[in-house]
Number of protein chains: 2
Amino acid sequence: MGGLAKGLAVIRAFTRDRATLNLSDVAALTEMPAATARRCLLTLEELGYVTRRGRQFVLRPKVLELGAAYLESMNIETLTKTHLEELAGSTGDSAALCVLDGFEIVYVARASIRTLMRLEAHVGSRFPAYATSTGRALLAGLAPERLQHYLDTATFEALTDRTIIDPLRLRQLIEDCRRTGYAAVEDELAYGVVALAVPVFDQYGRVVAALNSSSHSRRISKAKLVRERFNMLQKVSRQITADLAVVPGLSLSAIA
Amino acid sequence: MGGLAKGLAVIRAFTRDRATLNLSDVAALTEMPAATARRCLLTLEELGYVTRRGRQFVLRPKVLELGAAYLESMNIETLTKTHLEELAGSTGDSAALCVLDGFEIVYVARASIRTLMRLEAHVGSRFPAYATSTGRALLAGLAPERLQHYLDTATFEALTDRTIIDPLRLRQLIEDCRRTGYAAVEDELAYGVVALAVPVFDQYGRVVAALNSSSHSRRISKAKLVRERFNMLQKVSRQITADLAVVPGLSLSAIA
DNA sequence: AGAGTTTATTTCGATATGCGAAAAAGTGAA
DNA sequence: TTCACTTTTTCGCATATCGAAATAAACTCT
């Protein structure tokens, strides 16, 4: 069903720097012929997912229903309300729940108090797993062959001059995480971002998500973050595990 | 492009109560033949949007990329961080930014502190416009013919015994909102939910979104909500308007 | 205003998809 | 284990879509 694939690719062509796109833009970005892109856009327009202003197309809020289908089927609102908001409130910082998708982590829930953080992340945001606290916690939960595959095939790019990109070093850090139960990063994803993550297990003991608390390094050091928040995070992680036994969507979705 | 339409409908078939669906469920819910539903699911699986556990299909986090395309193209993260989190922090309650899509409001941004609220709402959630504070603020911004069309064609269902469903009363309330600059509701969408909303204008003076502060009626009365927060909301609304001049995605998307 | 360039739209034969019907596979109860 | 029922898969013809090329429309520059 090529049309479906192409239509989805059209939706994903819109980004912050490309809020409006004309037909040729869409065709170029999705690497499809103009006639096909046109058909996709016209169908999406008819269905209410995009609207047209002259020759520019722009996404409509109905697109959010697609993401919302995931959020609802994973019971994310309850997890956010019950656990993440409390964590954000207790720490005065951002709390997030992430899952692994391919080589990246995806934010599935987030609660935040005003922070000085420069990192823009919302539900659906994706970041490289190796450079994030949640990514390392998730990688630590992979089976050995899966982790090896990740280390063999991922592209490691330094995002800051502090980013660890050596596979051997990363393997060590991931192993440390497995042993200690947490992963902490500072200035690796972006300057000033400091974060502590713990794995979230499902009722069968598999790592299906990772929970983190992130802040600005001007506000708290990595060492202090670990000292003061590790227990808190573990406690919330266990609560989420209990919730996953009741509504197991995340557990089912995560394994691929 | 029927395949695209059908594929999108398949994604939207997953809900909180239907986190996993088998082929027949999907076919029934989307009212399409099993063979077509199967092809949709197989394509979505191949593209990474769903995964399969035996006969059950479940959404994967990649689906969030679709919603994220909208959030990014509308610059929602900046609006959330800059304005909504401050509002939530100042009030100790939920703050949300909504847009009108057909007969419903859609949550496009939300910031929340722990509240006693029973209303589960996240980005992408939709509620009937007539029963919500943001919906009334948005309806107040419609051209007269558009508003008349809404009142003539919408289905008004009482969600609580306090929900106003008489079109004449609603028209009056919407007119009041146009005059006073705000809309307040209590117990109309759900018991215990009290909310105050103001319109958000774009740089041309059109209403393109609505901003609200919502709480629990045990915590604050409607009258007090208006007295204490109206000015605050107007101020934030003006700030959002200034932001929309710079990144006009919401302005472009809202008009249909 | 006109020419040239770029972008959007349309056309149509080749190819892919849609879908109803039938076959195959799976499930649960006796 | 067998049987009845349900679900999934397969098949092949009818229909829809794809995409290269042609045409039309819009835009830019002098």
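The model shown is predicted, which means the values in this text are computed figures rather than measured ones.

Thresholds applied
- Residues numbered from 1 in each chain as written.
- Chains lettered and ligands numbered in written order.
- Predicted model: local features only at pLDDT ≥ 70, side-chain atom pairs only at ≥ 80, totals over all residues.
- Heavy atoms only, no water.
- Helix = DSSP H or I, 4+ residues; strand = E, 2+ residues; numbered from the N terminus.
- Rg over C-alpha atoms; globule rule 2.2 N^0.38 Å.
- Buried < 20%, exposed > 50% of the residue type's maximum accessible area, 1.4 Å probe, protein only.
- Areas by Shrake-Rupley, 256 points an atom, 1.4 Å probe, with all protein chains shown as cover.
- Lys, Arg positive; Asp, Glu negative; His and termini not counted.
- Charge placed at Lys NZ, Arg CZ, Asp CG, Glu CD.
- Near = heavy atom within 4 Å.
- Polar contact = N/O pair within 3.5 Å; in protein donor to acceptor, adjacent residues only side chain to side chain.
- Nonpolar A, V, L, I, M, F, W, Y, C, P; charged D, E, K, R; others polar.
- Domains from an automatic or database assignment.
- Least-squares fit on C-alpha atoms with pLDDT ≥ 70 in both.
- Contact = heavy atoms within 4.5 Å.
- Axes fitted to C-alpha atoms, helices over the stretch in contact; angles between N-to-C directions.
- Parallel < 35°, antiparallel > 145°, perpendicular 65-115°, else oblique.
- 1 Å grid on protein atoms, 1.4 Å probe; cavity = no way out; pocket = protein on both sides within 12 Å on 5 of 7 lines; lining within 4 Å.
- Points joined across faces, edges and corners; volume = space filled by probe spheres on them.

J.: Sorry, what's going on with the overall build of chain A here?
T.: Of regular secondary structure, chain A possesses ten helices and nine strands. Computed over C-alpha atoms, the radius of gyration of chain A comes to 20 Å, within 12% of the 18 Å expected from 2.2 N^0.38 for 256 residues, which places it in the range of a compact globule. Seen through its principal axes, chain A has C-alpha atoms that stretch 55 × 40 × 40 Å. Split into buried and exposed, the 256 residues of chain A put 59% on the buried side. For chain A, the accessible area works out to roughly 10,500 Å², and carbon and sulfur atoms hold 49% of it. On chain A, the mean spot of the 32 positive side-chain charges and the mean spot of the 27 negative ones are 3 Å from each other.

J.: Explanation requested: the protein's contact with DNA strand C in the structure shown.
T.: The full set close to DNA strand C counts 16 residues, and A:M1, A:S24, A:R38, A:R55 and B:T36 are the nearest of them. The sugar-phosphate portion of DNA strand C accounts for 80% of its atoms within 4 Å of the protein, the bases making up the rest. Separating a phosphate oxygen of DNA strand C from a side-chain N or O atom of B:T36 is a distance of 3.0 Å. Breaking the surface near DNA strand C down by element, the ones donating at least two residues are α2 (23-30) and α3 (34-47) of chain A together with α1 (2-13) and α3 (34-47) of chain B. A total of three residues in the surface near DNA strand C trace back to one element, the largest contributor, which is α3(B). Looking at the surface near DNA strand C, its residues break down into five nonpolar, five polar and six charged.

J.: Before we go on, may I ask you to explain helix α4 (residues 64-73) of chain B in this structure?
T.: Helical geometry note: an α-helix holds 3.6 residues per turn, so side chains three or four residues apart project in the same direction. All names here are of chain B. Burial of α4 is extensive: nine of the ten residues sit out of reach of the surface. If you check which residues of α4 are buried, you get L64, E65, L66, G67, A68, A69, Y70, L71 and S73. Looking one or two residues past α4, N75 carries a phi angle of roughly 60°, positive in sign.

J.: Can you help me understand the domain arrangement of chain A in this one?
T.: In many analyses, interface size is given as the accessible surface area lost on bringing the parts together. Here chain A is described as being made up of domain 1 (2-59) and domain 2 (66-254). Here the C-alpha centre of domain 2 of chain A lies 32 Å away from the C-alpha centre of domain 1 of chain A.

J.: Honestly, the relation of the copies chain B and chain A in this entry has me stumped. Any pointers?
T.: Superposing the two chain copies requires a rotation about an axis and a translation along that axis. Superposition record for chain B on chain A: RMSD 0.0 Å, screw rotation 180°, translation along axis 0.0 Å. The two molecules are tied by a two-fold rotation axis, judged by turn and shift. Looking at chain B, 100% of its interface residues are interface residues in chain A too, so the copies touch through the same face.

J.: Teacher, can you tell me more about the packing of helix α5 (residues 76-91) of chain A against helix α9 (residues 222-246) of chain A here?
T.: Packed helices, taken two at a time, are described by the angle between their axes plus the distance between the axes. Residue and element names in this part refer to chain A. The contact between α5 and α9 brings their axes to 10 Å, and the two run at 175°. One way to sum up the angle between α5 and α9 is to call them roughly antiparallel. Every residue of α9 that contacts α5 at L79, H83, L87, S90 and T91 is listed here: R229, M232, L233, V236, Q239, I240 and D243. Per-class residue counts for the contact of α5 with α9 are six nonpolar, four polar and two charged.

J.: Quick question: what am I supposed to make of the protein's contact with DNA strand D here?
T.: Residues in close proximity to DNA strand D total 16 residues, the closest being A:T36, B:M1, B:S24, B:R38 and B:R55. In the interface set of DNA strand D, defined as its atoms within 4 Å of the protein, sugar plus phosphate atoms amount to 80%. Take B:R38: an N or O atom from its side chain is 2.3 Å from a phosphate oxygen of DNA strand D. Where the surface near DNA strand D is concerned, the elements lending two or more residues are α1 (2-13) and α3 of chain A together with α2 (23-30) and α3 of chain B. For the surface near DNA strand D, the element with the highest residue contribution is α3(A), accounting for three residues. For the surface near DNA strand D, the residue count by class is five nonpolar, five polar and six charged.

J.: Sorry if this is basic, but what is going on with empty space enclosed by the protein here?
T.: If a probe the size of a water molecule is rolled over the atoms, the empty space left behind becomes visible. What the rule picks out here adds up to five cavities of 30 Å³ or more. Roughly 440 Å³ of volume is contained in the largest cavity. Forming the boundary of the largest cavity are 26 residues, of which A:T80, A:R110, A:V123, B:R110 and B:V123 lie nearest the centre. Of all elements in the fold, only α5 and β5 (104-111) of chain A together with α5 (76-91) and β5 (104-111) of chain B reach the threshold of two or more residues within the lining of the largest cavity. Empty space within the second largest cavity amounts to approximately 110 Å³. Lining the second largest cavity are 18 residues; nearest its centre among them are A:Y107, A:T132, A:L189, A:A195 and A:N212. Secondary structure elements with two or more residues in the lining of the second largest cavity: β5, α6 (133-140), β8 (193-201) and β9 (207-216) of chain A. The residue inventory of the lining of the second largest cavity, partitioned by class, reads twelve nonpolar, five polar and one charged.

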